[in-house]
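Report on the structure
Single-letter residue listing:
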Amino acid sequence: MYQWDFGILWSYRWLFLNGLGVTVGFTVVIVLLGLVFGLFGAFGSLSRFQPVRLVALAFIEAFRCTPILVQLIWFYYALPILAGVEMTPITASALALSLYGGSFYSEIIRGGIVSIDKGQSEAGAALGMTPGQSMRRIVLPQAIKRMIPALMNQSIIQFKNTSLVSVLAVPDLVYQSQVAAHDSYRPLETYTAVAVAYAAILIPLTIIVRRGEKHLAVSE
Amino acid sequence: MSETSKIEIRALRKSFGSNEVLKNINLDVAKGGVVALIGPSGSGKSTLLRCINLLVVPDGGSVRVGDISFAFGDGTKLPDVKSLAKFRATTGMVFQHFNLFPHMTTLQNVMEGPVTVRRMAKADAEKLARAQLAKVGLAEKADQYPATLSGGQKQRVAIARALAMEPDVMLFDEATSALDPELVGEVLNVIQQLASEGMTMVIVTHEIAFAREVADRLIFMRDGVVVEEGPARQVIDNPGEAATRAFLSHFHRTGALPPANATS
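Residues numbered from 1 in each chain as written. Chains lettered and ligands numbered in written order. Predicted model: local features only at pLDDT ≥ 70, side-chain atom pairs only at ≥ 80, totals over all residues. Heavy atoms only, no water.

- Looking at an unreviewed UniProt entry, chain B carries the name ATP-binding protein, with the source organism given as Bradyrhizobium manausense.
- In its Function (unreviewed entry) section, UniProt records this for chain B: "Involved in beta-(1-->2)glucan export. Transmembrane domains (TMD) form a pore in the inner membrane and the ATP-binding domain (NBD) is responsible for energy generation."
- Listed in UniProt under the heading Subcellular location (unreviewed entry), the comment for chain B reads: "Cell membrane". (UniProt positions renumbered as here; feature names shortened; annotations may be inferred.)

- In the nomenclature of an unreviewed UniProt entry, chain A is known as ABC transporter permease of Bradyrhizobium manausense.
- Of chain A, the UniProt comment under Function (unreviewed entry) reads exactly: "Part of the binding-protein-dependent transport system for glutamine; probably responsible for the translocation of the substrate across the membrane."

1. A word on the overall build of chain B
- The helix and strand tally for chain B stands at nine helices and ten strands.
- For 264 residues, the compact-globule formula gives about 18 Å, and the C-alpha radius of gyration of chain B, at 18 Å, lands near that figure.
- Based on the C-alpha atoms only, the size of chain B along its principal axes is roughly 50 × 50 × 35 Å.
- When each of the 264 residues of chain B is scored for burial, the buried share is 55%.
- Contacts in chain B between residues far apart in sequence, at least 24 positions, make up 65% of those at least 6 positions apart.
- With an accessible surface of roughly 11200 Å², chain B has 48% of that area assigned to carbon and sulfur atoms.
- Positive and negative charge centroids in chain B, built from 29 and 29 side chains respectively, lie 3 Å apart. (Helix = DSSP H or I, 4+ residues; strand = E, 2+ residues; numbered from the N terminus. Rg over C-alpha atoms; globule rule 2.2 N^0.38 Å. Buried < 20%, exposed > 50% of the residue type's maximum accessible area, 1.4 Å probe, protein only. Contact = heavy atoms within 4.5 Å. Areas by Shrake-Rupley, 256 points an atom, 1.4 Å probe, with all protein chains shown as cover. Lys, Arg positive; Asp, Glu negative; His and termini not counted. Charge placed at Lys NZ, Arg CZ, Asp CG, Glu CD.)

2. What to know about the packing of aromatic side chains
- All told, the structure shown has eleven aromatic pairs over all chains when counted by the stated rule.
- Ring centres 5.3 Å apart and planes at 85° place the aromatic pair Tyr2 of chain A and Trp4 of chain A in the edge-to-face group.
- Between the aromatic rings of Phe247 of chain B and Phe251 of chain B, the centroid separation amounts to 5.1 Å while the plane-to-plane angle is 50°, which identifies the pairing as tilted.
- Under the relative-accessibility criterion, Phe247 of chain B is labelled buried at 11%.
- These aromatic residues form a ring-pair network of at least three members: Phe59, Phe63, Trp74 and Phe75 of chain A.
- Lying over the aromatic face of Phe101 of chain B, Arg161 of chain B brings its terminal NZ or CZ to 4.4 Å of the ring centre. (Phe/Tyr/Trp six-rings, centres within 6.5 Å; stacked < 30°, edge-to-face > 60°. Lys NZ or Arg CZ within 6 Å of the ring centre and 35° of its normal.)

3. With respect to the UniProt feature "transmembrane region" (unreviewed entry) in chain A
Residue and element names in this part refer to chain A.
- UniProt feature "transmembrane region" (unreviewed entry): in the numbering of this structure it lies at residues 20–42, 54–77 and 191–209.
- From the first C-alpha to the last, residues 20–42 spans 32 Å; its make-up is 100% helix and 0% strand.
- Span residues 54–77 is 88% helix and 0% strand, its end C-alpha atoms 27 Å apart.

4. Focus on the confidence of the model for chain B
- For chain B, the average pLDDT comes to 91, and 95% of its residues sit at 70 or higher.
- Across the interfaces of the predicted complex, the ipTM metric reaches 0.90, alongside a pTM of 0.85. (pLDDT = per-residue confidence, 0-100.)

5. A closer look at the nonpolar core
- Ile159, Met170, Phe172, Ile191 and Met201 of chain B are the most contacted members of the largest nonpolar core, which totals 53 residues.
- Counting residues per element, this core draws most heavily on helix H6 (residues 181–196) of chain B, at eight residues.
- Discounting residues that sit within four places of it in the chain, Ile159 of chain B has contacts with Val94, Val136, Met170, Phe172, Val187, Val190, Ile191 and Leu194 of chain B.
- Membership of the second largest hydrophobic core comes to 42 residues, among which are Ala126 of chain A together with Val56, Val65 and Met93 of chain B. (Core = buried A, V, L, I, M, F, W, Y, C linked by side-chain atoms within 4.5 Å.)

6. Focus: the pairing of strand S8 (residues 200–204) of chain B
Residue and element names in this part refer to chain B.
- Within S8, five of the five residues are buried, which leaves it mostly tucked inside the rest of the structure.
- Burial along S8 is two-sided: the residues Thr200, Val202 and Val204 and Met201 and Ile203 are all buried.
- Alignment of strand S3 (residues 34–38) against S8, held across four bridges, turns out to be parallel. In the strand pairing of S8, Leu37 is matched with Val204.
- Where strand S7 (residues 169–173) lies against S8, five bridges are found, and the strand directions are parallel. Bridging across to S8, Asp173 finds its partner in Val204. (Pairing = 2+ DSSP bridges.)

7. Re the pattern of salt bridges
- Summed over all chains, the structure comprises 22 salt bridges over all chains.
- For Arg110 of chain A, the salt bridge goes to Glu107 of chain A, with nearest N and O atoms at 3.3 Å. With Arg110 of chain A and Glu107 of chain A both in helix H4 (residues 89–114), this residue pair falls three residues apart, about one helical turn.
- Arg110 of chain A sits in the partly exposed class, given a relative accessible area of 26%.
- The closest approach of N and O atoms between Glu229 of chain B and Arg217 of chain B, which form a salt bridge, is 3.4 Å. (Salt bridge = Lys/Arg side-chain N within 4 Å of Asp/Glu carboxyl O.)

8. Here we look at the layout of surface pockets
- Roughly 1200 Å³ of volume is contained in the largest pocket.
- Looking at the largest pocket, it is lined by 33 residues, and the ones nearest its centre are Arg48, Ser121, Pro131 and Ser134 of chain A together with Val81 of chain B.
- Counting only elements with at least two residues in the lining of the largest pocket, the list comes to H4, helix H5 (118–127) and helix H6 (131–161) of chain A together with helix H2 (81–88) of chain B.
- Residue contributions to the lining of the largest pocket peak at seven residues, all from H6 of chain A.
- Considered class by class, the residues forming the lining of the largest pocket number 21 nonpolar, five polar and seven charged. (1 Å grid on protein atoms, 1.4 Å probe; cavity = no way out; pocket = protein on both sides within 12 Å on 5 of 7 lines; lining within 4 Å. Points joined across faces, edges and corners; volume = space filled by probe spheres on them. Nonpolar A, V, L, I, M, F, W, Y, C, P; charged D, E, K, R; others polar.)

Set out below in structure tokens:
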């Protein structure tokens, strides 16, 4: 029978905290950047101009339909050779994860916009609004409300996806726990603690998302 | 007639795919005139109405409202979004399904056009919006959201929203078709009041008795063409075409308007 000893992890607390800080900070960056890419992807895929639509759709499908682990490795090892630019592991993984998240955000944002009844933008147009005005004043305020739960869900997935950056030696929570596991010869305790840390952050967040969904169901 | 007409439509054509919904339509509406468009569903009457404010862009022909005109067809450039928006700001439209903005109060719905399109100061827009709401008998509903209103009240708010742009022309697209029967009267009353104030209007409707009362001209459409056109009472009471007669035989053509509770 295995003798659990979690006490041994205490001496690695700064390492873990450091890793957790990188994980959280990284998530914030890739969620924000991902939303920017998502906005471009969504509006691009709704554009009146076909070339713009095609570029946006190519971006969305390329990143949705390839594994994120492959993208991370490709951005770090292949892209520098193709583009002739050196990237640090952090830049490469931030870029890959943001674009990956952005492709999913694109679909959520696009779906939210097209879910608004066409009569709404028609009413805006009939008042004399330009398409931009009716998007800003009429469609988006209603669409954003519908997008929020799905965007939150995708962001939670993004938080978990940051664990993959350890393959590029980005010092996130998983990477630091690998260091701790090798050093302490206690991988079971280490990875159990890491799993608990992820869950401790995500469970409250999922509860908030679920509340948001219920609230949305009531208000419509 | 073109000298004094407010709306002038010439040789208008529109197809959706291979389906030709408007075939060479001509239409004149005098200043202050009220034209009722009737016909079976699929006759093209709603499409024609939507071509007047270019919510539907025609394939050919020309549309003029007031001083602004557009030509369509081979060799013409489609109007850009800015001039389209400017053009639409001079016409008000009321939809079958109201299309109120659900994230705004009644008052905000009515203020939206003046503030966003006419760049009116908020205080002035609010004054104007309250006056328009009072006009349709809903002053006390200003701070409620559309979801809390009845269908008839929603449609009256939609009329107030259109009127707040102070349009020269009002277009009604089956404004009472989605209403419970007992709520039709309050909306028709508001439209009738507008007619008596001299508003130029084009009304797509299935309320034949109402059209007979309010419209001075009536157009019967079928399969994308104007079958018959003339003074409303004359066409309704003595239709000249067999198709018009057959269509009108489904309706009560006379009688009082449904009772209105305009203050409800």
